[in-house]
Amino acid sequence: GAVVSQHPSRVICKSGTSVKIECRSLDFQATTMFWYRQFPKKSLMLMATSNEGSKATYEQGVEKDKFLINHASLTLSTLTVTSAHPEDSSFYICSARGQGDEKLFFGSGTQLSVL
Amino acid sequence: QKEVEQNSGPLSVPEGAIASLNCTYSDRGSQSFFWYRQYSGKSPELIMSIYSNGDKEDGRFTAQLNKASQYVSLLIRDSQPSDSATYLCAVNKGGGADGLTFGKGTHLIIQP
């Protein structure tokens, strides 16, 4: 399957700081990327959908000013958690889909811990 | 009503037996169905995709889809301890623009 790289895999930060997570499609062009969040023993929750060159579409209840998404190229999308708080601590996972393909391929995930 | 429902388990199956995982969905317009495997602390890994009614086999895995009854299942034959994981059912309404809607997952334990 297609390879999606996500960095960092784990980050610990102080409350109030911002954290950037990168998601790259390594061997295909990802016209659409999705960002999910998963709390322990809970299901994946879609946060936002980003299409290359356009503004991200956020799911209801997700603050777009807090979770900044940039999809500047066909191989890179970034999620920035601004002014992080302990309740933002979670497992963040990106996924990517190539043009004309319905399958989603996931990055390895980022475990964010906000102290 | 939840969009995608799965029994959270744990489902315990002896090694070598068939593990049967079930999933129901609420949107009749759903067109694509996927099974992902997720190990603890890791991201989901695609196992199977199925788009039309009937069975689809890939190695030890068989996905079954019944759109009239709105359920999709995953059978794992000759279960191995390494199959122990959480299995996520995911549904796409179609059109290519949406992300997948995931169930909460079924925790499968294969007992040696």
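Coordinates for the structure precede this section.
The sections below set out a description of the structure shown in this document. None of these values were measured; they are calculated from a predicted model.

## Quick word on the overall build of chain A
(1) Moving on: On a plain count of helices and strands, chain A comes out with zero helices and eleven strands.
(2) Moving on: From first element to last, N terminus to C terminus, chain A shows the α and β order β-β-β-β-β-β-β-β-β-β-β.
(3) Moving on: Its C-alpha atoms give chain A a radius of gyration of 13 Å, within 12% of the compact-globule value 13 Å for 115 residues.
(4) Moving on: Taken along its principal axes, the extent of the C-alpha atoms in chain A is 40 × 25 × 20 Å.
(5) Moving on: Across the 115 residues of chain A, 49% fall into the buried class.
(6) Moving on: Taking all contacts inside chain A whose residues are at least 6 apart in sequence as the whole, residues at least 24 apart take part in 54%.
(7) Moving on: Accessible surface, chain A: about 5700 Å² in total, of which carbon and sulfur atoms supply 50%.

## Considerations on the state of the cysteines
Residue and element names in this part refer to chain A.
(1) Moving on: In total, this model carries two disulfides over all chains according to the counting rule given.
(2) Moving on: Residue pairing for Cys23: its cysteine sulfur links by disulfide to Cys94, the two sulfurs lying 2.0 Å apart. Of note, the bridge from Cys23 to Cys94 carries an S-S torsion of about 80° and is right-handed in sense. Note that Cys23 is positioned in strand S3 (residues 19–25) and Cys94 in strand S9 (residues 90–98), a separation of 71 residues in sequence.
(3) Moving on: The class of Cys23 is buried, set by a relative accessible area of 0%.

## A few points about the sheet that holds strand S8 (residues 76–81) of chain A
Residue and element names in this part refer to chain A.
(1) Moving on: Overall, antiparallel pairing links the four strands, which are arranged S1-S3-S8-S7 in an open sheet. Edge positions in the sheet fall to strand S1 (4–7) and strand S7 (67–73), since each has one partner strand and no second. The mean angle between the axes of side-by-side strands here comes to 15°, regardless of whether they run parallel or antiparallel.
(2) Moving on: Across five bridges, the pairing between S7 and S8 is antiparallel. Bridge assignment links Leu68 to a residue of S8, and that residue is Thr80.

## Let's talk about unusual backbone geometry
(1) Moving on: Cis geometry is found at the peptide bond from A:His7 to A:Pro8, where omega equals -5°.
(2) Moving on: Locating A:Pro8 in the fold gives a position in the loop between S1 and strand S2 (10–13).
(3) Moving on: Omega for the peptide link from B:Gly9 to B:Pro10 comes to 10°, which places this bond in the cis form.
(4) Moving on: Relative to the helices and strands, B:Pro10 is located in the loop between strand S1 (4–5) and strand S2 (11–14).
(5) Moving on: Although it is not a glycine, B:Gln70 adopts a positive phi angle of roughly 60°.

Cut-off values and rules
Residues numbered from 1 in each chain as written. Chains lettered and ligands numbered in written order. Predicted model: local features only at pLDDT ≥ 70, side-chain atom pairs only at ≥ 80, totals over all residues. Heavy atoms only, no water. Helix = DSSP H or I, 4+ residues; strand = E, 2+ residues; numbered from the N terminus. Rg over C-alpha atoms; globule rule 2.2 N^0.38 Å. Buried < 20%, exposed > 50% of the residue type's maximum accessible area, 1.4 Å probe, protein only. Contact = heavy atoms within 4.5 Å. Areas by Shrake-Rupley, 256 points an atom, 1.4 Å probe, with all protein chains shown as cover. Disulfide = S-S within 2.5 Å. Pairing = 2+ DSSP bridges. Axes fitted to C-alpha atoms, helices over the stretch in contact; angles between N-to-C directions.

So far we have only geometry, and geometry alone does not tell us how the molecule works.
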